[in-house]
Amino acid sequence: MTSHPLADAWSAPLQPRFAGVRFLVGVDGGGTGTRVRLSDVHGQLLGQGWAGPSALGQGIAQAWRHIQTAVQEAAAKAGIERLPLGETAIGLGLSGAGVAAQAQAFIAQQPGYAHIELVNDGTTSVIGAHAGRPGGVIAAGTGTVGEALRADGSLVCVSGWGWIGGDEGSGAWLGIQAMRLAQKAMDGRVDAGPLARAVWAAAGCGNDQDRDAINAWVAQAGQHAYAQLAPLVFEQAESDPAAAALVAQAVAELEQLALALDPARQLPLSLAGSVAQRLAALFSGNIRARCVSPQGDSADGALRLVRGALSDPR
C-alpha cells in the first residue's frame, strides 16, 4: 500500500522558515472537552492537558480559552512556566472546523503561535489511528461518521449529517427507531414485544396506553436522550425479533459507510465509539478482517499533522 508523507513526518527535516520552532501542540477538541499533547519537534512527549469543550460551534472565544488552559497545563507538567508561542506550532482537530466561516474566525483570533494547522477532529482521528498512513475510521457512538485517508492522499468523509435526518447506525438512530417501534406498538400497528415495552418503561409510561408519557418524552428528547435508548435494543435483541432486526439494520448501515469510504475494500479500518465496537463482531468477513486497533488518537494525529506541515517544502 502506498504510504503518505504524514507517515514520515517525524523523521523529515524542518523547512528553514520553521527553524525556530521548538515545541509542538496537538489538540483534540469537541463538544464535551479538549485534550492537548505537547511534544518537541522530534515527537518526544513532554506533557498533556485537559480542559472544557472547544467545538467551534459553541463559540470561538470559548474554544481558544479552553485550548490555552489545556496547553498551559501541559506546559506546566513539562516544567515550562510559560510556553513561548512564537516558538510553538499547533495542530488542531476541532469539531466544527469544516465550517469555513468558523475556521476563518478561529484562525484570525489565534494568540501568536508560529504556525497553525486546523482540520476537523475526524481527520486527525484518521491520521492518529493509522500513524499517517492510508486507512479509515468508522465512528459510531451517539452519532455516526466515517473518514478515510486514501492511498492517493485524498481525504473523504461519509455520513455525519446529524441525528435528525442522518447518522444511520448510531446510538441516537437506534433510539429513534426503537421509539418509533414503541409508538406503533402502543397504537396496535405492530405487536408489543420486549423492546417496545422496555421503551415504554424508559419513557415513564404508567400503562400500555399512556400516550401522554410518550408525547412528553419525545417533546423534550434530544440526541443524547435517544442514544440512551440504544442499550435497550441490544439488551432485547436475543428475545425480540424487532430488536434483532434493528441491530442487523445498524450493521448494514455501517457496512455501507465502510464501502463508501473504500470501494476497493483494501484500507485498514479502525472503529471508534461504543456502537461500532459492539457491532464489530457482526460485520461481514472482509470488513471484519480489515478492522485494526488504532495506533494513536486524534491528539496524536494533530501532532503528526502539524509536524508534517513544518517539513512540507511547498
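Above this text you will find the structure in question.
Since we're looking at a predicted model, the values are computed, not measured.

Considered as a void within the structure, the largest pocket measures approximately 1,400 Å³ in volume. Lining of the largest pocket is provided by 46 residues; of these, S95, D121, A139, G143 and V145 occupy positions nearest its centre. Among the secondary structure elements, those contributing two or more residues to the lining of the largest pocket are β1 (23-29), β2 (34-40), α3 (121-129), β6 (135-140), β7 (144-149), β8 (155-159), α7 (223-227) and β9 (269-272). Along the lines of polarity and charge, the residues of the lining of the largest pocket split into 12 nonpolar, 28 polar and 6 charged.

Quick look at the nonpolar core now. L174, L195 and L279 are the most contacted members of the largest nonpolar core, which totals 52 residues. Among the elements that line this core, the one with the most residues is helix α4 (residues 171-187), at 10 residues. Grouped together as the second largest cluster of nonpolar side chains are 26 residues, V25, L56, L92 and A103 included.

Another point: the packing of aromatic side chains. Scanning all chains against the criterion turns up 4 aromatic pairs. For the pair W64 and F106, a centre-to-centre distance of 4.2 Å together with 5° between the ring planes defines the contact as stacked. Highlighted residues: W64 in helix α1 (residues 60-77) and F106 in helix α2 (residues 100-108), separated in sequence by 42 residues. Like W64, the residue F106 is buried in the burial classification. Ring centres of W217 and Y226 lie 5.1 Å apart, and the angle between their planes is 85°; on these two criteria the pair is classed as edge-to-face. Residue classification places W217 among the buried positions, given a relative accessible area of 11%. Taken together, the ring pairs connect W64, F106 and Y113 into an aromatic cluster.

Once that is clear, we can look at the pattern of salt bridges. Within this structure, the stated rule accounts for 9 salt bridges. Note that R35 and D297 form a salt bridge whose closest N and O atoms lie 2.7 Å from each other. Remark: D297 occurs in the loop between α11 (285-290) and α12 (298-311) and R35 occurs in strand β2; sequence separation between them is 262 residues. With relative accessibility at 26%, the residue R35 sits in the partly exposed group. One connected set of salt bridges, linked through shared partners, spans D28, R35, R37, D297 and D300.

Its identity is not glycine, yet S159 carries a phi of approximately 65°, on the positive side. In this fold, S159 is placed in strand β8.

To continue, consider α4. Between its first and last C-alpha, α4 extends 25 Å over 17 residues, near the 24 Å set by a 1.5 Å rise per residue. Looking at where α4 begins, the residue whose side-chain oxygen comes 3.5 Å from the main-chain nitrogen of A172 is S170. Directly beyond the C-terminal end of α4, a positive phi value near 85° is found at G188.

Okay, the sheet that holds strand β4 (residues 88-94) next. If you walk across this open sheet you meet the 5 strands as β3-β2-β1-β4-β5, and the pairing is mixed. Since the sheet does not close on itself, it has two edges, and those belong to β3 (45-51) and β5 (115-119), each with one partner. Strand-to-strand, the axes of this sheet are offset by a mean angle of 15°, without reference to chain direction. By the bridge criterion, 7 bridges tie β1 to β4 in an arrangement that is parallel. Counted as the bridge partner of V27 is L92 from β4. Here α2 sits on the sheet and contacts β4 and β5; the angle it forms with β5, its principal contact strand, is near 160°. Where α12 meets the sheet, its contacts fall on β1, β2, β4 and β5, and the angle it forms with β1 comes to roughly 135°.

Calculation notes
Residues numbered from 1 in each chain as written. Predicted model: local features only at pLDDT ≥ 70, side-chain atom pairs only at ≥ 80, totals over all residues. Heavy atoms only, no water. 1 Å grid on protein atoms, 1.4 Å probe; cavity = no way out; pocket = protein on both sides within 12 Å on 5 of 7 lines; lining within 4 Å. Points joined across faces, edges and corners; volume = space filled by probe spheres on them. Helix = DSSP H or I, 4+ residues; strand = E, 2+ residues; numbered from the N terminus. Nonpolar A, V, L, I, M, F, W, Y, C, P; charged D, E, K, R; others polar. Core = buried A, V, L, I, M, F, W, Y, C linked by side-chain atoms within 4.5 Å. Buried < 20%, exposed > 50% of the residue type's maximum accessible area, 1.4 Å probe, protein only. Phe/Tyr/Trp six-rings, centres within 6.5 Å; stacked < 30°, edge-to-face > 60°. Salt bridge = Lys/Arg side-chain N within 4 Å of Asp/Glu carboxyl O. Expected span 1.5 Å × (residues − 1). Polar contact = N/O pair within 3.5 Å; in protein donor to acceptor, adjacent residues only side chain to side chain. Pairing = 2+ DSSP bridges. Axes fitted to C-alpha atoms, helices over the stretch in contact; angles between N-to-C directions. Contact = heavy atoms within 4.5 Å.

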